[in-house]
Amino acid sequence: MTDEPKTAEDLLRETVKILQRGLPGRDLDDRCVIIELWGLLDTERARGIYQPATPPKRP
């Protein structure tokens, strides 16, 4: 991916692409899938997309 995702839909699409590449016979093993997902989801932009959707913790 060349650009960071701008919407939750973009983030989901990129996540699915990574997971599909991790299917048997494709180019990523389990470790690489985790690394790529971490790189996609652990950015300021990605957190700005998914944190507002995270429900607050209960006391």
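Above this text is the structure in question.
Residues numbered from 1 in each chain as written. Predicted model: local features only at pLDDT ≥ 70, side-chain atom pairs only at ≥ 80, totals over all residues. Heavy atoms only, no water.

(A) Structural detail: the overall build of the protein. Across its full length, the protein holds three helices and zero strands. When its helices and strands are written in sequence order, the protein yields α-α-α. Radius of gyration (C-alpha) of the protein: 13 Å, far over the 10 Å computed for a compact globule of 59 residues. The principal-axis extent of the C-alpha atoms belonging to the protein is close to 45 × 30 × 15 Å. Of all 59 residues assigned to the protein, the portion counted as buried reaches 22%. In the form shown here, the protein has an accessible surface area of approximately 5000 Å², with 57% of it arising from carbon and sulfur atoms. (Helix = DSSP H or I, 4+ residues; strand = E, 2+ residues; numbered from the N terminus. Rg over C-alpha atoms; globule rule 2.2 N^0.38 Å. Buried < 20%, exposed > 50% of the residue type's maximum accessible area, 1.4 Å probe, protein only. Areas by Shrake-Rupley, 256 points an atom, 1.4 Å probe, with all protein chains shown as cover.)

(B) Region of interest: the packing of helix H1 (residues 8-21) against helix H2 (residues 30-41). At a minimum axis separation of 9 Å, H1 and H2 run at an interaxial angle of 170°. Between H1 and H2, the angle is such that the two are roughly antiparallel. Mapping the contact onto sequence places Leu11, Glu14, Thr15, Ile18, Leu19 and Arg21 in H1 and Val33, Glu36, Leu37, Leu40 and Leu41 in H2. Of the residues assigned to the contact of H1 with H2, the class counts are seven nonpolar, one polar and three charged. (Axes fitted to C-alpha atoms, helices over the stretch in contact; angles between N-to-C directions. Parallel < 35°, antiparallel > 145°, perpendicular 65-115°, else oblique. Contact = heavy atoms within 4.5 Å. Nonpolar A, V, L, I, M, F, W, Y, C, P; charged D, E, K, R; others polar.)

(C) Representation of the nonpolar core within the structure. Counting residues in hydrophobic clusters, the biggest one holds eight residues: Leu11, Ile18, Leu28, Val33, Leu37, Leu40, Ala46 and Ile49. Breaking this core down by element, the ones donating at least two residues are H1, H2 and helix H3 (44-50). A per-element tally of this core places H2 first, with three residues. Ignoring any residue separated from it by four or fewer positions in sequence, one finds leucine 37 in contact with Thr15, Ile18 and Leu19. (Core = buried A, V, L, I, M, F, W, Y, C linked by side-chain atoms within 4.5 Å.)

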